[in-house]
Amino acid sequence: MNPSGLFATAVSLLLAPLFLGVINRTKAAFAGRTGQPLFQVYFDLAKVARKGAVYSRTTTWVFRLAPLASMAAAVSALLLLPQCGSPAVLSFPGDFVALIFVLATSRFLTVIAALDTGSSFEGMGASREVAFSALAEPVLLLCLAVVAREAGQSSLSGIVGNVTAADWQRAGPALVLVAVSILAILLAENARIPVDDPNTHLELTMIHEVMILDHGGPDLALLTYGAALKLWILGALLTGLLLPRTASTLLGTLTFLAGMAALAVVIGIIESTIARLRLHRVPQFLVGAGAFAVMALALVMR
């Protein structure tokens, strides 16, 4: 265990909801509106957490346990990721595979909680979530394998932040393809536009939101916060691959946070300038991201 990564983990736990706030303010600016406060997500989480939870008689212990276990899995994934110029709290060879496994576990828990309600509506969202994740997870694993091959490391602490200027000169096209693929996976894994609209309540377009309709009170707060952590983790992964690690912890932290803020603005611009894809086009979108990852692997293997 690396104690120097505990500070970075605490910063991430604190700022993950703010990442969503920056995205929402960017979208509001593009729409010509003032938009909600940057800290609105924190207010919403506090309000929901104070409310009571109502449980259907058709649900079992799975429904009650899943929100806490899902968030615990997201926090575990955060411990595997180096951030703010510091190594990960937990680091070992092949830990990038464990990162994807833990994120998949968090999703699995949310899915089985949705299925436990016995609602065909939530079952529809769960089936979409699983179908799209089956296409997204191999692409993410392939992207990390490409960067691991280029960096000559098998641990995230040796991969993230260790891509140098020389690496960009030697394998710049491959790294650009990897960055585009990870950005596409970030949008798909977090049910953002163009895969899904997080602000809609139309059943024909919902994925993540429909799976948590029966949750309320602290359970809903845990799921919402866990989703914010997942978005932060994938964003931190992309930012860490693009920005070099610095010798100073303070400078590394400021650089990382500036990169995360820039990424939030980019996501807001994407969601403001393009439309949501039709549902049958989403697999094509993910296959395209996979094609980019395959091309990147071919470039670094030559």
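Nothing here was measured: the structure is a model prediction, and the numbers come from that model.

Q: What is the right way to read the overall build of the protein from this model?
A: Counting its secondary structure elements, the protein contains eleven helices and zero strands. Along the protein, helices (α) and strands (β) appear in the sequence α-α-α-α-α-α-α-α-α-α-α when read from the amino end. Radius of gyration (C-alpha) of the protein: 19 Å, near the 19 Å computed for a compact globule of 302 residues. For the protein, the C-alpha atoms occupy an extent of roughly 60 × 45 × 40 Å along the three principal directions. Here the protein holds 302 residues, and 50% of them are scored as buried. Nonlocal contacts in the protein, meaning residues at least 24 apart in sequence, comprise 80% of its contacts between residues at least 6 apart.

Q: Please explain the packing of aromatic side chains as it appears in this structure.
A: For any pair of aromatic rings, the description rests on two quantities: the centre-to-centre distance and the angle between the ring planes. Tallied over the entire structure, the rule returns four aromatic pairs. On the basis of an interplanar angle of 90° and a centroid distance of 6.1 Å, the ring pair of tyrosine 55 and phenylalanine 63 is categorised as edge-to-face. Residue class for phenylalanine 63 comes out buried when judged on its relative accessible area of 1%. On the basis of an interplanar angle of 70° and a centroid distance of 6.0 Å, the ring pair of tryptophan 232 and phenylalanine 256 is categorised as edge-to-face. With tryptophan 232 in helix α9 (residues 218-242) and phenylalanine 256 in helix α10 (residues 249-273), this residue pair connects regions lying 24 residues apart in the sequence. Residue classification places phenylalanine 256 among the buried residues on the basis of a relative accessible area of 6%. Above the face of the tyrosine 55 ring, arginine 64 is positioned so that its terminal group lies 4.1 Å from the ring centre.

Q: Where do I start with the nonpolar core in this structure?
A: Most often, soluble globular proteins keep nonpolar side chains buried together rather than apart. Ranked by size, the top nonpolar core spans 75 residues in total, and within it Phe19 and Trp232 carry the most contacts. Beyond its immediate sequence surroundings of up to four residues, phenylalanine 19 is in contact with Leu231, Trp232, Met260, Leu263, Ala264 and Ile267. Judged by nonpolar contacts, the second largest core, of six residues, contains Val111, Ala114, Ala126 and Met211.

Q: Whenever I open this one, the packing of helix α7 (residues 165-189) against α10 confuses me. Can you help?
A: The description of two helices packed together rests on the angle between their axes and the distance between the axes. At a closest axis distance of 12 Å, the pairing of α7 and α10 adopts a crossing angle of 70°. Overall, the two elements α7 and α10 adopt an arrangement that is roughly perpendicular. Seen along the crossing, α7 lies across α10 with a hand that is right-handed. In contact with Leu183, Leu186 and Leu187 of α7, α10 contributes Leu263, Ile267 and Ile270.

Q: Help me understand unusual backbone geometry, please; the structure alone is not making it clear to me.
A: The amide bond that connects isoleucine 193 to the next residue, proline 194, takes the cis arrangement and shows omega of 10°. Summarising the element assignment, proline 194 is placed in the loop between α7 and α8 (208-211). Look at alanine 191: it is not a glycine, yet its phi comes out positive at around 55°. Since its relative accessible area comes to 5%, alanine 191 is described here as buried.

Q: Explain the side chain of glutamate 150 here, please?
A: Relative to the assigned elements, glutamate 150 resides in helix α5 (residues 120-151). Judged by its relative accessible area of 15%, glutamate 150 falls in the buried class. Of note is the side chain of glutamate 150, whose polar atom sits 2.6 Å from the side chain of arginine 170. For glutamate 150, the contacting residues outside a window of four places in its chain are Asp167, Arg170, Ala171 and Val300.

Q: Sorry, what's going on with the side chain of threonine 26 here?
A: Mapped onto the elements of the fold, threonine 26 is located in helix α1 (residues 4-30). Owing to a relative accessible area of 10%, threonine 26 belongs among the buried residues under this scheme. Other than its neighbours up to four places away in sequence, threonine 26 contacts Ala264, Val265, Gly268, Ile269 and Ser272.

Q: Explain the environment of proline 138 to me, please; I cannot follow it from the model alone.
A: With respect to the helices and strands, the residue proline 138 is situated in helix α5. Taking the relative accessible area as the measure of exposure, proline 138 reaches 48% and is therefore partly exposed. Distance in space between the C-alpha atoms of proline 138 and methionine 260 is 24 Å, their sequence separation being 122 residues.

The rules behind these values
Residues numbered from 1 in each chain as written. Predicted model: local features only at pLDDT ≥ 70, side-chain atom pairs only at ≥ 80, totals over all residues. Heavy atoms only, no water. Helix = DSSP H or I, 4+ residues; strand = E, 2+ residues; numbered from the N terminus. Rg over C-alpha atoms; globule rule 2.2 N^0.38 Å. Buried < 20%, exposed > 50% of the residue type's maximum accessible area, 1.4 Å probe, protein only. Contact = heavy atoms within 4.5 Å. Phe/Tyr/Trp six-rings, centres within 6.5 Å; stacked < 30°, edge-to-face > 60°. Lys NZ or Arg CZ within 6 Å of the ring centre and 35° of its normal. Core = buried A, V, L, I, M, F, W, Y, C linked by side-chain atoms within 4.5 Å. Axes fitted to C-alpha atoms, helices over the stretch in contact; angles between N-to-C directions. Parallel < 35°, antiparallel > 145°, perpendicular 65-115°, else oblique. Left-handed = near helix turned anticlockwise from the far one by under 90°. Polar contact = N/O pair within 3.5 Å; in protein donor to acceptor, adjacent residues only side chain to side chain.

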